[in-house]
Amino acid sequence: MEVGVTNLGRYLLEEQRKHPQATGDFTLIIEQIAFACKVISREVNKAGIVNILGKAKNVNVHGEEQQKLDVYSNRKMIQALDHIGKLCAMGSEEDEEIIRIPDHYPKGKYVVVFDPLDGSSNIDVNISIGTIFAVYRSISSCKEGVEEDFKQSGRNLVAAGYVLYGSSTMLVYTAGNGVNGFTLDPNIGEFLLSHENIKMPESGKIYSFNEANYNRWTPEIQNYVNCLRNMTERQYTGRYIGSLVADFHRNLLKGGVFGYPGDSKNPKGKLRLLYEAIPLAFIIEQAGGQATDGEQNILDIVPEELHQRTPLIIGSNYEVDLYKQYMKGEVKC
Ligand code: AHM
Ligand code: MG
């Protein structure tokens, strides 16, 4: 008999059935995140039109709209998740403190972290942006969420994913048993399984660093990038969008390395450990790649602060291993 297409709901249900003890709580969380992201996707697609309308009225909404979309996305994520009774608390890149579940809603055993709209400075030039999320089990008794629930290493993650608002909207997700990609069919409003069991190449031809920071890097990092440039037998090409989800997604499918190392101005780099680095590190490892801060695997770092930054070198094993060797001074070009 014909099986039919697999939408996200069916995929989650079939995964849930593999675990007889599963309650469905987790499935509901992912479905609600997907719902919020569909709403965000619609709004992101409208951003260009809103700007035209703004200009026609001679209103300078340029910067404002951008900021509003960040705030809007944050609100949509919170609204989709706060009432379902499955969460103990939430953490967002947009909020200084953890987000508590309102008293009038029941609480559950999970915590969710997210960057509701990453790369939002790219909205006004129509470049792809994304939402990043991850799910942990709460480690507190969860009368109300506490920071300790969020200060867990990525090894404790239950699931992580992202939604890319690109030429199409895609949700890429793992619950620790492989990475799958779902493309949003806008006509029916469903995420359909389009990229099954994504495995990233062992090495690639792409390196993605913001080379404008070159003069502020340590000699080791400079050497590494010079080495990639000079490896004529491999013929690397530089690709840097400046939108983490988009840069990550391209490299996940094609192979290569994305790097945002620390520099003399920002020793810990720019990216956030909890909301950006750990979720993407979990995905890349599930796809056969790896992520490091130069010394440690990103998944082994226990966050000390909610908004802690970290250097992030993430991608195919060959390029990330090479980076680690350069940092130890083991190799030179
Ligand atoms: P944001 O969270 O304020 O949007 O910043 C994160 C973004 C990432 O998407 C991207 O990888 C990085 O900033 C680019 O930074 P830079 O412009 O310094 O290269
Ligand atoms: Mg961000």
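Everything below is about the structure shown above.
Counting restarts for each chain: residues are numbered from 1 in the order of the written sequence. By the order in which they are written, chains take letters starting at A while ligands take numbers starting at 1. The predicted origin of the model limits local features to residues at a pLDDT of at least 70 and limits the giving and counting of side-chain atom pairs to 80 or more, whereas totals for whole chains, interfaces and linings rest on all residues. Heavy atoms throughout the structure, all of them, feed into the side-chain values; hydrogens and water do not.

A.B. asks: Can you walk me through the packing of aromatic side chains in this structure?
C.D. replies: The relative placement of two aromatic rings is captured by the distance of their centres and the angle of their planes. Pairing of aromatic side chains requires ring centres within 6.5 Å, counting the rings of Phe and Tyr and the six-membered ring of Trp. Pairs whose planes differ by under 30 degrees are stacked, by over 60 edge-to-face, and all others tilted. Counted according to the given criterion, the structure contains 10 aromatic pairs. The interplanar angle of 45° and the centroid separation of 6.2 Å between the aromatic rings of F26 and Y110 together place this pair among those described as tilted. Taken together, the positions of F26 in helix α2 (residues 25-56) and Y110 in strand β3 (residues 110-118) put the pair 84 residues apart, joining distant regions of the chain. Exposure remark for F26: the relative accessible area of 16% places this residue in the buried category. Summary of the burial criterion: residues with accessible area below 20% of their type's maximum are buried, those above 50% are exposed, and those between are partly exposed, where the area comes from a 1.4 Å probe applied to protein chains only. With relative accessibility at 5%, the residue Y110 sits in the buried group. Among the aromatic residues, ring-to-ring pairing joins F209, Y214, W217, Y224, Y323 and Y326 into one connected group. Working rule: Lys NZ or Arg CZ, within 6 Å of ring centre, within 35 degrees of ring normal, means a charge sits over the ring. For R234, the ring lying beneath its charged end belongs to Y318, and the centroid distance is 3.8 Å. Numbering of helices and strands starts at the N terminus; helices are DSSP runs of H or I of at least 4 residues and strands are runs of E of at least 2.

A.B. asks: Quick question: what am I supposed to make of the pattern of salt bridges here?
C.D. replies: The rule for a salt bridge is simple: a side-chain nitrogen of Lys or Arg has to be within 4 Å of a carboxyl oxygen of Asp or Glu. Counted under the stated rule, the structure contains 13 salt bridges. Of the charged contacts in the structure, one is a salt bridge between D25 and K109, with a shortest N-O distance of 3.6 Å. Here K109 lies in the loop between β2 (99-100) and β3 and D25 lies in helix α2, a separation of 84 residues in the sequence. A salt bridge links D321 to K324, with the shortest nitrogen-to-oxygen separation between them at 3.4 Å. Of this pair, D321 and K324 both sit in helix α7 (residues 317-327), 3 residues apart, which is roughly one turn of the helix. Through salt bridges with shared partners, a single ionic network connects D25, K86 and K109.

A.B. asks: Explanation requested: the sheet that holds strand β7 (residues 179-185) in the structure shown.
C.D. replies: The pairing of strands in a sheet comes from backbone hydrogen bonds and takes either a parallel or an antiparallel form. Sheet architecture is open: 8 strands sit in the order β2-β1-β3-β4-β5-β6-β7-β8, paired in mixed fashion. Either end of the sheet is taken by a strand with one partner, and the two such strands are β2 and β8 (190-195). Across the face of the sheet, helix α5 (residues 244-254) comes into contact with β3, β4 (129-137), β5 (159-165), β6 (169-174) and β8 while running at roughly 105° to β5. Should any heavy atoms of two residues lie within 4.5 Å, those residues are considered in contact. For helices, the fitted axis covers only the stretch in contact; all axes are lines through C-alpha atoms, and the angles between them, taken along N-to-C directions, range from 0 to 180 degrees. Sitting on the sheet, helix α6 (residues 273-286) touches β1 (87-92), β3, β4, β5, β6 and β7, and the angle it makes with β4 is about 80°. Only strands that DSSP links by at least two bridges are regarded as paired with each other.

A.B. asks: Sorry if this is basic, but what is going on with the nonpolar core here?
C.D. replies: Most often, soluble globular proteins keep nonpolar side chains buried together rather than apart. Here, nonpolar core refers to any group of buried Ala, Val, Leu, Ile, Met, Phe, Trp, Tyr and Cys residues whose side-chain atoms link them within 4.5 Å. By size, the foremost hydrophobic cluster in this structure holds 45 residues, and its most contacted members are F150, Y162, F248, L252, L280, I298 and I314. In terms of residue count, the dominant contributor to this core is α6 (10 residues). Split by domain, this core shows at least three residues from each of two domains, domain 1 (8-195) and domain 2 (206-327). Ignoring anything within four residues of it in the chain, the contact list for I314 reads F248, G256, V257, F258, L280, A281, I284, Q290, A291 and V320. Core analysis: the next-biggest nonpolar cluster, separate from the first, contains 42 residues, F26, Y72, I101 and F182 among them. An automatic or database domain assignment supplies the residue ranges for each domain.

A.B. asks: It is not clear to me how the site of ligand 1 should be interpreted in this structure. Could you clarify?
C.D. replies: Surrounding ligand 1, one finds 14 residues, the nearest of these being D118, N210, Y240, L244 and Y260. Here a polar contact is taken to be a pair of N or O atoms separated by no more than 3.5 Å, where protein atoms must pair a possible hydrogen donor with a possible acceptor and residues adjacent in sequence count only if both atoms sit in side chains. In this structure, E93 approaches ligand 1 through a side-chain N or O atom, which is 3.1 Å from an oxygen atom. In the model, an oxygen atom of ligand 1 is placed 2.6 Å from a nitrogen or oxygen of the D118 side chain. Counting residues per element, the ones that place at least two in the shell around ligand 1 are β3 and β11 (256-260). When residues of the shell around ligand 1 are assigned to domains, at least three map to each of domain 1 (8-195) and domain 2 (206-327). Here a residue is considered near a molecule or strand provided that any single heavy atom belonging to it is located within 4 Å of it.

A.B. asks: What is the right way to read the coordination of the magnesium ion (ligand 2) from this model?
C.D. replies: Four donors placed tetrahedrally around a metal ideally meet at 109.5 degrees, and six donors placed octahedrally ideally meet at 90 or 180 degrees. For Na, K and Ca the donor cutoff is 3.2 Å, while for all other metals N, O and S atoms count as donors only within 2.8 Å; water does not appear among the atoms, so some sites may look incomplete. Around the magnesium ion (ligand 2), the protein contributes the donor atoms E93 (OE), D115 (OD), D118 (OD) and E276 (OE), which lie 2.0 to 2.7 Å from the metal centre. Each donor residue of the magnesium ion (ligand 2) lies on one chain, and together they are spaced E-x21-D-x2-D-x157-E. Of this pair, E93 sits in the loop between β1 and β2 while D118 sits in strand β3, and the two are 25 residues apart along the sequence.

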